Amino acid sequence: MMLINCPHCGPRAQSEFIYERTVDSVPPAGVSNDKAMQTLFTRGNPRGVDEEIWRHTFGCRAWMVVTRHRVTNGISHVRAVGPEALP
Amino acid sequence: MNRYSAFGLLRGALNGQKHWQPAWRDPEPKAHYDIIIIGGGGHGLATAYYLAKVHGLRNIAVLEKGWIGGGNTGRNTTIVRSNYRLKPLHDLFEFGLKLWHNLSDELNYNVMFSPRGAMFLGHSDADMVKLAERGDAMRCDGIDADLMTRDEVAKLEPLLDMSRNARFPIEGGLIQRRGGTARHDAVAWGYARGADSFGVDIIQKCEVNGFIRDGDAVVGVETTRGRIGAGRVGICVAGHSGHVAGLAGLKLPIESQTLQAMVTEGVKPMINSVIMSQSLHCYISQSDKGGIVFGGDPDNWPSYAQRGHPMVMEGAIAQGLALVPALSRLRMVRTWSGVTDMSFDGSPIIGETPVRNLYLNGGWCYGGFKATPASGWTYAHTLATGSPHALNAPFSLERFMTGATIDETGTGPMPNSR
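Computed from a prediction, not measured in an experiment: that's the story for all the values here.

Draft legend 1. Spotlight on the layout of surface pockets. All names here are of chain B. Considered as a void within the structure, the second largest pocket measures approximately 580 Å³ in volume. Of all the elements in the fold, those that place two or more residues in the lining of the second largest pocket are β12 (254–266), β14 (282–286), β15 (291–302) and β16 (332–343). Ranked by residue count, the leading element in the lining of the second largest pocket is β12, at 4 residues. Of the residues assigned to the lining of the second largest pocket, the class counts are 6 nonpolar, 13 polar and 6 charged.

Draft legend 2. A look at the nonpolar core. Residues and elements named next belong to chain B. The biggest cluster of nonpolar side chains holds 47 residues, and the ones touching the most others in it are I37, L45, Y50, W100, V111, Y191 and V200. Listing elements by their share of this core, those giving two or more residues are β1 (32–38), α2 (42–53), β2 (60–63), α3 (87–101), α4 (103–107), α7 (184–197) and α10 (372–385). At 7 residues, the largest contribution of residues to this core is made by α2. With 30 residues, the next largest nonpolar core counts V221, I228, L252 and F344 among its residues.

Draft legend 3. Broad picture of unusual backbone geometry. All names here are of chain B. Even without being glycine, M112 reaches a positive phi, approximately 55°. Since its relative accessible area comes to 33%, M112 is described here as partly exposed. One non-glycine residue, N357, adopts positive backbone phi at about 70°.

Draft legend 4. View of the environment of E152 of chain B. Within the fold, E152 of chain B resides in helix α6 (residues 150–156). Separated by 169 residues in the primary sequence, E152 of chain B and L321 of chain B have C-alpha atoms spaced 21 Å apart.

Draft legend 5. Representation of the interface of chain A and chain B within the structure. Taken together, the 27 residues of chain A in the interface contact 27 residues of chain B. Summed over both sides, the interface of chain A with chain B buries roughly 2,400 Å², with 54% coming from carbon and sulfur. Looking only at chain A, the three residues that lose the most surface to chain B are F41, N45 and R47 of chain A, adding up to 32% of its buried area. At the boundary of chain A and chain B, one finds 3 salt bridges. With a closest N to O distance of 3.6 Å, K251 of chain B and D24 of chain A form a salt bridge. Remark: the boundary between chain A and chain B carries 15 residue pairs in polar contact (both at pLDDT 80 or more). Among the elements of the structure, β3 (18–22), α1 (33–41) and β4 (49–55) of chain A are those that each provide at least two residues to the side of chain A that touches chain B. Counting residues per element, the side of chain A that touches chain B draws most heavily on α1 of chain A, which supplies 5 residues. Residue composition of the side of chain A that touches chain B, grouped by class: 9 nonpolar, 9 polar and 9 charged.

Draft legend 6. Geometry of the packing of α2 of chain B against α7 of chain B. All names here are of chain B. Two elements in contact, α2 and α7, have axes whose closest approach is 8 Å; the angle formed by their N-to-C orientations is 30°. Our classification of the angle between α2 and α7 gives roughly parallel. The two elements α2 and α7 meet at a crossing, and its hand is left-handed. Touching G42, L45, A46, A48, Y49 and Y50 of α2 are A188, Y191, A192, G194 and A195, all from α7. Of the residues that constitute the contact of α2 with α7, the class distribution is 9 nonpolar, 2 polar and no charged.

Draft legend 7. Main features of the sheet that holds β4 of chain A. Residues and elements named next belong to chain A. Ordered in space as β3-β4-β5-β6, the 4 strands form an open sheet in which the pairing is antiparallel. Two strands close off the open sheet at either side, each with one partner strand: β3 and β6 (75–80). Going across the sheet, the axis of each strand differs from the next one's by a mean of 30°, ignoring polarity. Inspection of the sheet shows β4 paired to strand β5 (residues 63–69) by 7 bridges, in the antiparallel sense. Each bridged residue has a counterpart across the sheet, and for W54 the counterpart in β5 is M64.

Draft legend 8. Broad picture of the sheet that holds β14 of chain B. Residues and elements named next belong to chain B. Taken in spatial order, the 8 strands of this open sheet run β5-β6-β4-β13-β14-β15-β12-β16, and their pairing is mixed. Edge strands, defined here as strands with exactly one partner in the open sheet, are β5 (146–149) and β16. Direction aside, neighbouring strands of the sheet carry axes that sit 25° apart on average. Together, β4 (118–122), β5 and β6 (172–176) form the strand contacts of helix α5 (residues 125–140), whose direction differs from that of β6 by roughly 20°.

Draft legend 9. Molecular detail of the pattern of salt bridges. In total, this model carries 27 salt bridges over all chains according to the counting rule given. Among the salt bridges present, the one from R79 of chain A reaches E51 of chain A, with a minimum N-O distance of 3.7 Å. Placement of R79 of chain A in strand β6 and of E51 of chain A in strand β4 is noted, with a sequence separation of 28 residues between them. Residue R79 of chain A is classed as partly exposed on the basis of its relative accessible area of 34%. Notably, a salt bridge pairs R164 of chain B with E171 of chain B, separated by 3.5 Å at the nearest N-O pair. If you follow the salt bridges from partner to partner, you end up with D50, E52, R68 and R70 of chain A in one network.

Draft legend 10. Here's a closer look at the packing of aromatic side chains. All names here are of chain B. Across all of its chains, the model carries 15 aromatic pairs over all chains by this definition. For the ring pair Y50 and Y191, a centre distance of 5.7 Å and an interplane angle of 65° mean the geometry is edge-to-face. You can see Y50 sitting in helix α2 and its partner Y191 sitting in helix α7, a full 141 residues away along the chain. In this structure, Y50 and Y191 share a single accessibility class: buried. Over the face of the ring belonging to Y4 we find R193, whose NZ or CZ atom lies 3.6 Å from the ring centre.

Parameters and conventions
- Residues numbered from 1 in each chain as written.
- Chains lettered and ligands numbered in written order.
- Predicted model: local features only at pLDDT ≥ 70, side-chain atom pairs only at ≥ 80, totals over all residues.
- Heavy atoms only, no water.
- 1 Å grid on protein atoms, 1.4 Å probe; cavity = no way out; pocket = protein on both sides within 12 Å on 5 of 7 lines; lining within 4 Å.
- Points joined across faces, edges and corners; volume = space filled by probe spheres on them.
- Helix = DSSP H or I, 4+ residues; strand = E, 2+ residues; numbered from the N terminus.
- Nonpolar A, V, L, I, M, F, W, Y, C, P; charged D, E, K, R; others polar.
- Core = buried A, V, L, I, M, F, W, Y, C linked by side-chain atoms within 4.5 Å.
- Buried < 20%, exposed > 50% of the residue type's maximum accessible area, 1.4 Å probe, protein only.
- Contact = heavy atoms within 4.5 Å.
- Buried area = accessible area lost by both parts, 1.4 Å probe.
- Salt bridge = Lys/Arg side-chain N within 4 Å of Asp/Glu carboxyl O.
- Polar contact = N/O pair within 3.5 Å; in protein donor to acceptor, adjacent residues only side chain to side chain.
- Axes fitted to C-alpha atoms, helices over the stretch in contact; angles between N-to-C directions.
- Parallel < 35°, antiparallel > 145°, perpendicular 65-115°, else oblique.
- Left-handed = near helix turned anticlockwise from the far one by under 90°.
- Pairing = 2+ DSSP bridges.
- Phe/Tyr/Trp six-rings, centres within 6.5 Å; stacked < 30°, edge-to-face > 60°.
- Lys NZ or Arg CZ within 6 Å of the ring centre and 35° of its normal.

Keep in mind these numbers describe shape, not what the thing actually does.
Following this line, the structure appears as structure tokens:
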């Protein structure tokens, strides 16, 4: 099990979190249909580091971006997203 | 190729079994092949076999970064069935199931296919309605399916917890009697031996780390054993599809996840069929050696780790024990995991890519083993002729752009929810 450092709650067991999707798979508002389809339906799926959106579902319920290595499971960075991350 | 036979074994007994030869060669890579298949698992080796056998091609290489059958072919739960819901999946998997029934004779290699019946359990009225609907759909496409009453399920599997206060009450089931299990390693070895006998070069410890391009076409591969030219290149690397396609600059509708399986110590026969529950997502069968083989959900986040997390294992085992309480007395002897290529509609991709001369066979999710013969057959056709076989035409990569997805569970582009 991974230990995910929630920006709001501190280090918590991975079983409290749900993986949602990768950051590069969220189409920005206003892009063309073709681009939106490409973004939704394809993934870089690297055998290395990627940025993933996880949710602390059984905790503070906030979204966050986890930078994680897909082979070692090493988490190098976690940052908050959403209104609470705004200055 | 020396044919294996009982007579050969007897004759060998007279001279101390000294006649045995390696089942395939260990060749050096040539400078150029007509067709290169990347990935020496069951699917890649089957493709090479049918390319040689059915299409008469000989100048073929299978490149494998490790050893043949060491990926998902050696890591699955060996279940073979064709009890799907949608027609394109029926056609593909049923074609494969028919090949499975003659595979040992075809390859002169015992793949130990055992059609002991593949049974889905129903846990509620709603489950039974869904199973009846699935069974009807199968029978309409000429595939055997029998809806089972509660009593019939109890008779087939006496160790299931049939009590009314069971954690997962059992209302009935749906069985495909021609489904079953096979010996996974033997499938890779049998196809390898067959392909080798036609002159196919099986090159192990040869990792592809780049494609050689000529304009918009692929004309060869860069490997750890040098440059190899090719007329056509077929990717057939399961969980690593995203990585290898990435070397050619492609982004695929595939996310790699870990799928775990585990096996107990060997015991006398206690599980007669393959017991599966789609409501729970747990499957249990007994290997011919006696071990009880368990499988469950994938770890629902992307991973190439080839090792899983205990909490997912715990979930699968908890479900298995609730269904068959007697299993709680067994010791687990081994757990393992493979990297599965979860596609965005739950169905495989077999066909052309936007890069000329480069083809893709992947996205098998957690269900590729059963399709090994059909996958090889259709991919061989695609690679030999440059256009898809009728069976794999619906499984093109373009379907994600045109919207003609084959989404059995209706989940959409969310592989982690599948």
